[in-house]
Amino acid sequence: MFRDIEIGPRQIILGVAMLAGLAVLGVVGFLFAALRTVPDYGALREYKPPITTRVHAGDGALVAEFANEHRMFVPISAIPERLQHAFVAAEDQNFYHHSGVDARGVARAMMTNVVNVVTGKRLQGASTITQQVAGNMLTGRERSLYRKIREAFLATRIEQALDKNRILELYLNEIYLGRRAYGVASAALNYFDKSLDELTISEMAFLAALPKAPSNYDPVQRREAAITRRNYVLGRMAEDGYITREEEQAARAEPLTARNRLAGETYIASSQFVEEVRRRALEQFGEKELYEEGFSIRTTLDTRLQLVAVRALRRGLEQYDRRHNYRGPIDQGDANGDVQAQLRNARAAPALTGWHRAMVTATQGSVRFTTEAGATGRLTSEDAQWAASGARGSRERALRAGSIIYVLPGDGGRFALKQTPQVQGALVALDPHTGRVLAMVGGYDFTNAGYNRATQALRQPGSAFKPIVYAAALDFGVTPATLIEDGPLSIEAGDGSMWSPENYTREFYGPTTLRRGLEQSRNAMTARVAYEMGVERVAQYGERLGVFAKPAQAVFALALGSGETSPLRLTTAYAQFVNGGKKVSPVLIDRVQNRDGTTVYHADQRPCEGCRGPFRGRGSAPQLPDTREQVLDPITAYQIVSMSEGVVQRGTATVVASLNRPLGGKTGTTNDYRDAWFVGYSPDLVAGVWVGFDQPRDMGEGETGGRISAPIFRDFMEGALRGEPATPFRIPAGVRLVRIDAMTGLLPGPNTTSTIMEAFKPGTEPTENAVSSPFIFGGTEPIDPRVFRGLSEGIQAADERVAASAQQQQREQGPEEALSGLY
């Protein structure tokens, strides 16, 4: 039937018009849909992008950054003109002349893309810097015609609302440039560890080369491509007159050297401290604010002390590990294969150890190996014997050809066999007067920041808790010179059983002064003190000094350290002895400022009337009030300090005395050698050391706090106090210093063999000499002097046996490995 229909020119014109109308309507509808939801560009006037939170140590060193997008917002006035020109030359050479869309650039891209379609190459874009601002910040970055139209329309509106400098400022702070860096300031730091004004022309050109595809021009992974792209940008800069041809050639000749600014030993060693700071800041400010608000967090960390702490703890854990069997190679390979490839794929050595991976190549006659660096060597006879000690009865632990091991290069081309200790530890150091945490190490491999033993490990302190017990006793009316019966004692435990504490040596020494009881870490007499004054008092003092996170159960075993605490808590408690009994809390964050420089958190909340006034010269500094709570009598605190000095001078931590400076502290060892502690102090620094296995188990016979932890404390204090004057501990007002008989606690008499200067509260100092009959704490009858002389001789004989044992161990193991006492 259609054959009878005649189609003339009029019908054709009408049909074409209808199709054209439909096409126009379609285009209009498409444009309406595309432009209907164009974002409000006015928000760009007040745009505040997410920026990086930066964490600095107390000495100003940058130790961490927290961010979802690593960015530092920099105003256009602080961005060097040549860096601006580098991006303009590379990305949008007509930027200063177009109105948002570069028509010539679009035409050029269309012509180029005809060839690209035929050859199968990627299509070339023609987005201007303004369009990229619109795309990055408002419309999204998906590749579609719909998005391009929205972007172009919005770009023209942005050009009408903002000047070129503001548009370029937004672009240079928003653009992603690889290595987690958003914006030029962050990229300059991440690639070159430089501020913007320190960049060379070559480095500026490299940054300008990155927007197209940062991963394709990584200066380490794709060095040649990076240099080629940088040189292209240099050529564009010279062509557009931004640099001279001579400057271009000089920049081309400059090597492209990237630096990893957050990879130094200070940054790595601080990782556990930083993670604790992150947890606390996250709890206080929330995730969005912490990762997007660009806080400046000033912490209490002392980077020098942190490195000293890391080295001291690692050295001590390795020394313990060396006293026990070698556990075998880290892996087994093929000595006849590609040795270097196998070593590169083997488990890396712990950070900052300096160890090398090596493969054993032969074991006949001696153990020979090749390192990952291609060096060859052989184990010393001592190392070979150590390796053999662990191989007895275990073929898997034996070294054979193909075994992969760790070795440490030494002098003269020698190597030492190494292994990562299984035993763990923690060291924390703080200012006793303010609570500012200066160093914190939470384990041997401190790069594993997920579990910080300094703050998260709850362990029994053992005898390290005794100073808290004795502080309670001193406030109860006892003096350091009071005689306590060191003898068998059975106490109802509360569950129907009897508790009978013993001394470490399994011996009892009769009446002993409180001071000597602390110095020699006597368990029986400590339990007797707790019994006489009531264990509830012990629990109260533990809570008052912050040893326990929650109220402790008042049982008699608490007096010998059965309650659980963390190294940070116990160390903070000791700080309150050395600071005169003032309450302090551990502080990791000094101050937090927001992106505008406004302080939003300050740890020191003391009022300061004159802090905001003008500076009037020397002597005009404002006086801050001391608002710390007095939790311990100042004289009691000093008495504990004085007694703990005796622990170092003649007690269970004599290994520390080699530093020849005023130091005090207390060792601690729990049942079955599961935990080893030493917490101690100088007048202005307190440090605590804990060592043990994460899953508590016996560390071995004789592995006490005096043997493991005290040497770690000594090594830390040696480095921490190097160059500092050996100042004595501060003596509070009212202390009575009296020379007494060291054995009886009374005034010296004709039979006195040794004396000591003792600290007393007013009215408690002795008035009788050693000829008189002393009383025993808790008793009512005086001791017969003849009996006491026999007890004193017994104590002296026991002390001589202890000293002889330590000397024998020193001869057998050397001074570093010897027991520093037996407790």
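Rules of the game
- Residues numbered from 1 in each chain as written.
- Predicted model: local features only at pLDDT ≥ 70, side-chain atom pairs only at ≥ 80, totals over all residues.
- Heavy atoms only, no water.
- 1 Å grid on protein atoms, 1.4 Å probe; cavity = no way out; pocket = protein on both sides within 12 Å on 5 of 7 lines; lining within 4 Å.
- Points joined across faces, edges and corners; volume = space filled by probe spheres on them.
- Nonpolar A, V, L, I, M, F, W, Y, C, P; charged D, E, K, R; others polar.
- Buried < 20%, exposed > 50% of the residue type's maximum accessible area, 1.4 Å probe, protein only.
- Helix = DSSP H or I, 4+ residues; strand = E, 2+ residues; numbered from the N terminus.
- Pairing = 2+ DSSP bridges.
- Axes fitted to C-alpha atoms, helices over the stretch in contact; angles between N-to-C directions.
- Parallel < 35°, antiparallel > 145°, perpendicular 65-115°, else oblique.
- Contact = heavy atoms within 4.5 Å.
- Polar contact = N/O pair within 3.5 Å; in protein donor to acceptor, adjacent residues only side chain to side chain.
- Phe/Tyr/Trp six-rings, centres within 6.5 Å; stacked < 30°, edge-to-face > 60°.
- Salt bridge = Lys/Arg side-chain N within 4 Å of Asp/Glu carboxyl O.

*Asks:* Kindly report on the layout of surface pockets, identifying the contributing residues and their values.
*Replies:* Which parts of space are left empty comes out when a probe the size of a water molecule is rolled across the atoms. Computed from the structure, the second largest pocket encloses a volume of approximately 660 Å³. Residues belonging to the lining of the second largest pocket are distributed by class as follows: 7 nonpolar, 12 polar and 4 charged.

*Asks:* Kindly report on helix 20 (residues 523-533), identifying the contributing residues and their values.
*Replies:* With respect to burial, helix 20 is a largely interior element, 9 of its 11 residues being buried. For helix 20, the complete set of buried residues consists of Asn523, Ala524, Met525, Thr526, Ala527, Arg528, Val529, Ala530 and Met533. Just downstream of helix 20, Gly534 is the residue with a positive phi angle, here 100°.

*Asks:* Now, about empty space enclosed by the protein: what can you tell me, with residues and values included?
*Replies:* For the structure shown, the criterion picks out 2 cavities of 30 Å³ or more. Estimated volume of the second largest cavity: approximately 30 Å³. As for the second largest cavity, its lining consists of Thr52, Arg54, Glu65, His70, Arg71, Met72, Ser186 and Arg261. Residues of the lining of the second largest cavity, tallied by class, amount to 1 nonpolar, 3 polar and 4 charged.

*Asks:* Which residues make up the sheet that holds strand 19 (residues 599-602), and what values go with them?
*Replies:* Reading across from one edge, 2-1-5-18-19 is the order of the 5 strands in this open sheet, with mixed pairing throughout. Strands with a single pairing partner mark the edges of an open sheet, and in this sheet they are strand 2 (62-66) and strand 19. Within this sheet the neighbouring strands show an average axis-to-axis angle of 15°, counted without direction. The pairing of strand 18 (residues 589-593) with strand 19 spans 3 bridges and is classified as antiparallel. Its bridge partner being in strand 19, Gln593 is matched across the sheet by Thr599.

*Asks:* Give a description of the packing of helix 22 (residues 567-578) against helix 23 (residues 634-650) that names residues and reports values.
*Replies:* For the pair helix 22 and helix 23, interaxial distance at closest approach is 7 Å and the crossing angle is 105°. Compared by their axis directions, helix 22 and helix 23 come out roughly perpendicular. On helix 23, the residues touching Gln576, Phe577 and Val578 of helix 22 are Ala637, Ile640 and Val641. Counted by class, the contact of helix 22 with helix 23 contains 5 nonpolar, 1 polar and no charged residues.

*Asks:* Tell me about unusual backbone geometry, and please be specific about residues and values.
*Replies:* Phi is positive for Arg506, close to 65°, though the residue is something other than glycine. Note on placement: Arg506 falls in the loop between strand 16 (498-499) and strand 17 (510-513). Although it is not a glycine, Asn660 sits at a positive phi angle of roughly 55°. Positionally, Asn660 belongs in the loop between helix 23 and strand 20 (664-669).

*Asks:* Hey, could you go over the environment of Asn579 for me, with residue numbers and the actual values?
*Replies:* Along the chain, Asn579 falls in the loop between helix 22 and strand 18. Classification of Asn579 as buried rests on a relative accessible area of 10%. Distance in space between the C-alpha atoms of Asn579 and Pro634 is 8.4 Å, their sequence separation being 55 residues. Not counting the four nearest positions on each side in its chain, Asn579 is found in contact with Pro432, His433, Val584 and Arg628. Within the structure, the side chain of Asn579 is placed 2.8 Å from the backbone nitrogen of Lys582, a separation counted as a polar contact.

*Asks:* Residue-level account of the packing of aromatic side chains, with values.
*Replies:* For any pair of aromatic rings, the description consists of the separation of the ring centres together with the inter-plane angle of the planes. A full pass over the atoms with the stated rule returns 20 aromatic pairs. Aromatic side chains Phe369 and Phe415 sit 5.3 Å apart centroid to centroid with 90° between the ring planes, which places their arrangement in the edge-to-face category. Linking Phe369 in strand 8 (residues 368-371) with Phe415 in strand 11 (residues 415-418), this pair joins segments that are 46 residues apart in sequence. Here Phe678 and Phe713 contribute two aromatic rings whose centre-to-centre distance is 4.7 Å and whose plane-to-plane angle is 55°, an arrangement assigned as tilted. Of the two residues, Phe678 sits in strand 21 (residues 675-682) while Phe713 sits in helix 24 (residues 705-720), which places them 35 residues apart along the sequence. For the pair Phe678 and Phe713, one class covers both residues: buried.

*Asks:* Would you mind going over the sheet that holds strand 12 (residues 424-430) in detail, with residue names and values included?
*Replies:* Judged by pairing direction, the sheet is antiparallel, and its 5 strands sit side by side in the order 13-12-22-21-20 without closing on themselves. Where the open sheet ends on each side, the last strands, each with one partner, are strand 13 (437-441) and strand 20. When the angles between neighbouring strand axes are averaged without regard to direction, this sheet yields 5°. Both strand 12 and strand 13 contribute to a ladder of 4 bridges, which runs antiparallel. Looking at strand 13, one finds that Leu430 is bridged to Val437. Of the strands in this sheet, strand 20 and strand 21 touch helix 23, which is tilted by about 65° from strand 20.

*Asks:* Please provide a residue-by-residue account of the pairing of strand 5 (residues 296-299), values included.
*Replies:* Side-chain alternation along strand 5 places Ile297 and Thr299 on a buried face and Ser296 and Arg298 on a face that remains uncovered. Bridge analysis of strand 1 (residues 53-56) against strand 5 gives 3 bridges, and the strand direction is parallel. Bridge pairing in strand 5 places Val55 opposite Ile297. Strand direction decides the pairing type here: strand 5 and strand 18, joined by 4 bridges, are antiparallel.

*Asks:* Tell me about the pattern of salt bridges, and name the residues and values.
*Replies:* Following the criterion strictly, the structure yields 40 salt bridges and no others. Between Lys164 and Glu159 there is a salt bridge, with the nearest N and O atoms lying 2.9 Å from each other. A network of salt bridges, in which partner residues are shared, links Glu275, Glu276, Arg278, Arg279 and Arg280.

*Asks:* Outline the environment of His56, supporting the account with residue identities and numerical values.
*Replies:* The residue His56 is located in strand 1 in this model. Note on His56: relative accessible area 14%, which makes it buried. Aside from chain neighbours lying at most four places away, what touches His56 is Ala61, Leu62, Val63, Ser296, Ile297, Arg298 and Thr299.

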